[in-house]
Amino acid sequence: PGRDGIYRVVLNTLQRLSHWTALVLEQTAWKYARPAPELPLDERESRSAEAVQALSYERVVRLNYQAHEKLALTEFVAMIKSLGHEMRKAEAVLAPLLRQHMYSEVQHQLQNKLTDTIRRATKKKHTTIRAMLIQLRNVAADWKRASEAKGPELDGKRNKPSVDRQVETRTVAPSASQLQLMRMTVYALCRTADSTKGGFFSRGGDLSKEEIVALKQWHDDSHFFPYLLDLGNTITEVTDLADLWYREFWLEMTGCIQFPIELSLPWVLTSHVIDPKAPHTAYYDHVVFPLDIYNDAARRSLYTLQQSFLYEEIEAETNLCLNRLLNWVSEQAYAYFKLQATIMTMDKRWRSNLETSVSSHSLNAPRTRLPVLLQLRHVQLLGRSVDCSHLVSLRMYDFLRQNLDQSIGRFLSSDLCGIMELESMIDNVRATHHLINQQLELDSWDNLWSEVSENMDMPAFTNRIVIHVISEIRLDFFPAFVYCHTTKRFKRQSGYEDRSARFVDIPAREAAPRMNSSHVYGNKSLNNAHDAVHKVQRKFFGIAHMRSLVRVLGNNLPFLVLNCYSFIDQLITDMLIPYMKQLTQGFPKQTKLPSFQYGTEGVYLYFEAKARDFMRYPELRSGVYQTFREVGNLFCFIELMEYALAQLEAFDYILLQPGLLDGQRAAFVDVMAQCSAIYAGNPSRARDAKALQLSAGQAERAAEAYRVLCTGGSLVTGFIQRMLELIRPAMDDWLGGIQPDGVPGGILPPAETSTEFYRLWSALMFISCTPPGANEHFDHDLFGDGVQWAGCIVIHLLRQQARLQLFDWNSHLLMSDELSKAEGKPISAELAKFLKNAAFVRELQTSIFYTLETLTPMAPKPPARFYPPTDAQAPPKRKAVVSDIQLSQGGSQP
């Protein structure tokens, strides 16, 4: 449209805004005049004195609007403020066009339309009218040529030919003084035209009817010129809703210093839109427009009322409202993204099974228009531009940090079995961070993890989780858990609640932090579903837990392994070796295996008598068995760790294995190298040869990473080698000492007496198979299979497995029982329980020896040579060679 059309559109828009503002203020005045009914007496009595004092204002504001009225008022305020905002944005474009239009209208009126009027007044000698018309023209006429100012109309003649003068297009509107003078002159001119017939804009007399109508029309049109010249202030005035906040009358009436924010009409409208119980998502676009009322109130307090204390009150209330709004948006958005992350990370089959028992509404993220609120970047409040998106991102980052900290704190308050729950919660927080980062600008996940886990130093290999894991395995996991060789799982020992049944105190842990239900897994239904799974997982520690532990620790895993090595040093050097030395001193001198002629009962009573001193040893269970349990649990823990690492490396192999060849290079490396060579020979066919060479280099580095992955050492082998080095100081004693033939333990094992380790171990296993008495616990339930693992590892390192099978008390009893069964001799119920336990221990030890031989095969002993005795030459003594006991390297002989 042309300038005239734009002028009319702008004028109609301002008139419409003024009308809407008047309607809003009229309905507010109507509400003030008709307050809501009085509250019941019991409700008023339950309120505080300040609330009762402000009740009269509450009745005209908060209690006086119904839900649909609040929404309608919010929509009206949004229409007024949004249209006013668009007008301000277009002011730079509209203002020049409006000035051009007003300049053109004024000049056309003065240079063309007044020509005939001046000619008639001159011709009829209306001196007064002519002088006023000349004065009107002289006030604002902008002649293209100076000669045009002295036209023929001043002499009462017509222009020949009769054409309008050309008016320049200039962006120079008349000033306010010029407009005021012209409007007063027109007013006086029309009044002077026919004073006898009186009245303003009278007809007839010195001016014709058509001339009076034209002057009147111009007078009416020019009424709006001052408002359009000051377009910015005009827009501010027609959109001013400051009266919706000012309540000085009610403050005087009630005697209150100030009303609570809950009674402020802008916050009443905003809080109704974001009501948590029934949010009106369709009005999320309008949620910040009621806050613009504070801008109007602040402008009036500074420029109209000139009261700084009012501005300070408005500023404080505005900041409080903005903080509440941003907090609500942040909480709702975080809960929404948290629920989305939970659904995204759930197993599809598990989710489909949950849909049969849980409502589908709980398993699906509801539709929301919260992203609209997350993109608010330029909210004008009290003269400053507020980046709400940035402020929300800061709050969301705080929520992420708090959620991750609470997840870690939850693990720190539990034992090691809670590691799977920790990994699940960390994955959930990581997925939440990923979803939020798509909408807002957040710090990286690595920085967040390092900050919360307190792993900020570059060379540090520790954090809160690693320290807690090390503390748990030393104080609770190894001393109080039992290992099951069949299931490859650890579980807490039986009767741990009984103080007399446990050998270590329960370690002190931090109190579990209280978490908001929406910050766990999104809602209560999903929280209950995950908690049911984690409740089962917290009852044991298996290979799945170890995989979670390896993934959670990541680069900090070597520090855990290092502490395990340090712990095994302490256990063997400071505890196991001294305990075995004490047992050696109390071991019976005669340990000859009894004849089967005594029967099973007799053999059992014989061994029981031999082991009676051992049974009376006060630290047998709390010291000896407990130490073996900790050593065995430590080895099984390392073994589980190696299994978990092997599984994860297999997964990495699947990702890094795009057709590996038999050689060292991968197929994709050769393909990339060939492509690079082809395009290097024909550069015209290559779009980006440099990028192709870079891809070939990246492929080569990926293959190198795969080769490094496949050449890692074995944790189990290293652990056993460490144990071998630790038991070397006691190896001579555990081998039975130097015998007359010069070999520790003798070339042939002594049948009647020996203090070799396997003899002590056989006695310990005999005692562990003894059925418990009343109100006692079976040793296997107290210590698990870790005891067997520790003893079998030492025997395996000493290469005494064959001697154990030959002189084992339990095996001797079982063979005696087989003969007794063949002869049909009955046995007691207590002995039957013992034999059942002994058979279980023998099978377990056999399985462990097979496993150890597979993992770390031992080099065979050198062959022993026997010489016939002669009087002239005695058999040479063989020197004790401790280095004969070593691990086999690739099956080679030492």
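For the structure itself, look to the data block above.
Quick caveat, the model's predicted, so the values are computed rather than measured.

Student: Can you walk me through the overall build of the protein in this structure?
Tutor: Secondary structure assignment for the protein yields 37 helices and four strands. Among the 894 residues that make up the protein, the fraction classed as buried is 46%. The long-range share in the protein, meaning contacts at least 24 apart out of those at least 6 apart in sequence, stands at 78%. Of the roughly 45,500 Å² that the protein leaves accessible, carbon and sulfur atoms contribute 54%.

Student: What am I meant to see in the packing of helix H25 (residues 599-610) against helix H37 (residues 829-855) here?
Tutor: A pair of packed helices can be characterised by two numbers: the angle between their axes and the separation between those axes. The contact between H25 and H37 brings their axes to 11 Å, and the two run at 75 degrees. Regarding the angle of H25 to H37, the classification is roughly perpendicular. Between H25 and H37, the residues in contact are Thr600, Glu601 and Tyr604 and Glu830, Leu831, Phe834 and Leu835, respectively. Of the residues belonging to the contact of H25 with H37, the class tally is four nonpolar, one polar and two charged.

Student: Is there a simple way to think about the side chain of Asn463 in this case?
Tutor: Counting through the fold element by element, Asn463 comes out in the loop between helix H20 (445-452) and helix H21 (464-480). Among the polar contacts listed, one links the side chain of Asn463 to the backbone nitrogen of Val466, at a separation of 2.9 Å. If we ignore the near neighbours within four places in the chain, the residues touching Asn463 are Ser453, Glu454, Asn455 and Asn556.

Student: Explain the nonpolar core here, please?
Tutor: For soluble globular proteins, nonpolar side chains are generally found buried alongside one another. If you look at the biggest cluster of nonpolar residues, it comprises 218 residues, and the most contacted ones within it are Phe541, Leu560, Phe628, Phe637, Trp734 and Leu764. Sequence-distant contacts of Phe541, defined by excluding residues within four places in its chain, comprise Leu416, Cys417, Ile419, Phe477, Lys488, Arg489, Phe490, Met546, Leu549 and Phe637. Counting twelve residues, the second largest nonpolar core, distinct from the first, contains Leu339, Val358, Leu363 and Met515.

Student: Explanation requested: the pattern of salt bridges in the structure shown.
Tutor: In a structure, side chains of opposite charge can pair up when their charged atoms sit close to one another. Going through the model one piece at a time under the given rule, you end up with 32 salt bridges. In this structure, the salt-bridge partner of Arg401 is Glu451, at a minimum N-O distance of 3.5 Å. Of the two residues, Arg401 sits in helix H18 (residues 388-412) while Glu451 sits in helix H20, which places them 50 residues apart along the sequence. Note on Glu451: relative accessible area 35%, which makes it partly exposed. The salt bridge partner of Lys821 is Asp817, with a shortest N-O separation of 3.4 Å.

Student: Looking at this structure, how should I read helix H1 (residues 3-33)?
Tutor: Since there are 3.6 residues in each turn of an α-helix, residues three or four apart along the chain are aligned in direction. Spanning 31 residues, H1 covers 45 Å between terminal C-alpha atoms, matching the ideal 45 Å at 1.5 Å per step. Taken together, the buried positions of H1 are Ile6, Tyr7, Val10, Leu11, Thr13, Leu14, Leu17, Trp20, Thr21, Val24, Thr28 and Lys31. As for H1, its buried residues are in contact with helix H4 (55-60), helix H5 (67-89), helix H6 (91-123), helix H9 (209-221), helix H10 (225-229) and helix H11 (231-238).

Student: How should the packing of aromatic side chains be read in this particular structure?
Tutor: To describe a pair of aromatic rings, one takes the distance between the centres and the angle between the planes. This structure, assessed with the given rule, holds 38 aromatic pairs. On the basis of an interplanar angle of 55 degrees and a centroid distance of 5.2 Å, the ring pair of Phe628 and Trp761 is categorised as tilted. In this pair, Phe628 is assigned in helix H27 (residues 620-656) and Trp761 in helix H32 (residues 757-768), connecting sequence segments 133 residues apart. By way of ring pairs, the aromatic residues Phe477, Phe478, Phe481, Tyr483, Phe490, Phe541, Phe567 and Phe637 are connected into one cluster. Between the NZ or CZ atom of Arg489 and the centre of the ring of Phe540, over which it lies, the distance is 3.9 Å.

Conventions and cut-offs
- Residues numbered from 1 in each chain as written.
- Predicted model: local features only at pLDDT ≥ 70, side-chain atom pairs only at ≥ 80, totals over all residues.
- Heavy atoms only, no water.
- Helix = DSSP H or I, 4+ residues; strand = E, 2+ residues; numbered from the N terminus.
- Buried < 20%, exposed > 50% of the residue type's maximum accessible area, 1.4 Å probe, protein only.
- Contact = heavy atoms within 4.5 Å.
- Areas by Shrake-Rupley, 256 points an atom, 1.4 Å probe, with all protein chains shown as cover.
- Axes fitted to C-alpha atoms, helices over the stretch in contact; angles between N-to-C directions.
- Parallel < 35°, antiparallel > 145°, perpendicular 65-115°, else oblique.
- Nonpolar A, V, L, I, M, F, W, Y, C, P; charged D, E, K, R; others polar.
- Polar contact = N/O pair within 3.5 Å; in protein donor to acceptor, adjacent residues only side chain to side chain.
- Core = buried A, V, L, I, M, F, W, Y, C linked by side-chain atoms within 4.5 Å.
- Salt bridge = Lys/Arg side-chain N within 4 Å of Asp/Glu carboxyl O.
- Expected span 1.5 Å × (residues − 1).
- Phe/Tyr/Trp six-rings, centres within 6.5 Å; stacked < 30°, edge-to-face > 60°.
- Lys NZ or Arg CZ within 6 Å of the ring centre and 35° of its normal.

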